[in-house]
Amino acid sequence: QVQLVESGGGLVQAGGSLRLSCVASGRTFGTYAMYWFRQAPGKERESVAAISGSGTMTYLQDSVKGRFTISRDNAQNTVYLQMNTLRPEDTAVYYCAASRYYRGSYGTINNMDYWGKGTLVTVSS
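Residues numbered from 1 in each chain as written. Predicted model: local features only at pLDDT ≥ 70, side-chain atom pairs only at ≥ 80, totals over all residues. Heavy atoms only, no water.

## Describing the pairing of strand E4 (residues 33-39)
Argument step 1. Of all seven residues in E4, six are buried; the element is thus mostly enclosed.
Argument step 2. Pairing of E4 with strand E9 (residues 92-99), which is carried by seven bridges, proceeds in the antiparallel orientation. When the bridges of E9 are listed, Gln39 appears paired with Val93.
Argument step 3. Sheet topology places E4 next to strand E5 (residues 46-51); five bridges connect them, and they run antiparallel. Looking at E5, one finds that Arg38 is bridged to Glu46. (Buried < 20%, exposed > 50% of the residue type's maximum accessible area, 1.4 Å probe, protein only. Helix = DSSP H or I, 4+ residues; strand = E, 2+ residues; numbered from the N terminus. Pairing = 2+ DSSP bridges.)

Printed below as a string of structure tokens:
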């Protein structure tokens with residue numbers, strides 16, 4: 001069993017930055033691919049970024065390329081989402097998820113093994 005706890009959300013003005021963190025319990029963190037999803041009000045949950053267990057492969061949704069970066073520190077059991085040049089349309093609850101398999105852009109809500117409870121990001125215009 002893996003427990004995931006996100007932090008780092010908050011209110012920021014458009015153009016600002018936030019760094020989300022997700023800390024995982026357990027000793028097998030490095031064997032899991034990690035994902036960030038987000039869900040805006042009234043919309044479906046969507047994949048934003050993914051990183052393989054070793055960190056050598058990453059995926060970013062087109063709308064965040066050039067602005068967001070995903071990284072991980074396996075020694076600290078932590079995955080990060082650095083979000084720069086934030087836009088009002090980035091407002092959402094951001095969820096961390098873990099999967100035994102790295103699927104890149106094919107990672108969906110249906111093939112994740114564990115989920116965090118989410119952290120709210122609000123970007124004001």
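Now, onward.
## Focus: the sheet that holds strand E7 (residues 68-73)
Argument step 1. The four strands lie next to each other as E1-E3-E8-E7, forming an open sheet whose pairing is antiparallel. Two strands in the sheet have a free side with no partner beyond their single neighbour: strand E1 (4-7) and E7. The mean angle between the axes of side-by-side strands here comes to 15°, regardless of whether they run parallel or antiparallel.
Argument step 2. Alignment of E1 against strand E3 (residues 18-24), held across four bridges, turns out to be antiparallel. Across the sheet, Ser7 pairs through a bridge with Ser21, a residue of E3. (Axes fitted to C-alpha atoms, helices over the stretch in contact; angles between N-to-C directions.)

## Overview of the packing of aromatic side chains
Geometry of an aromatic ring pair is reported as the spacing of the ring centres plus the angle between the planes.
Argument step 1. According to the stated counting rule, one finds four aromatic pairs in the structure shown.
Argument step 2. When the centroid spacing of 5.9 Å and the interplanar angle of 70° are considered together, the rings of Tyr32 and Tyr114 count as edge-to-face. Here Tyr32 is found in the loop between E3 and E4, whereas its partner Tyr114 is found in strand E10 (residues 114-115), with 82 residues between them in sequence. Each of the two residues, Tyr32 as well as Tyr114, counts as buried. (Phe/Tyr/Trp six-rings, centres within 6.5 Å; stacked < 30°, edge-to-face > 60°.)

## Considerations on the side chain of Ser21
Argument step 1. Residue position: Ser21 is located in strand E3.
Argument step 2. Residues contacting Ser21, with those up to four places away along its chain left out, are Val5, Glu6, Ser7, Trp36, Thr78, Val79 and Tyr80. (Contact = heavy atoms within 4.5 Å.)

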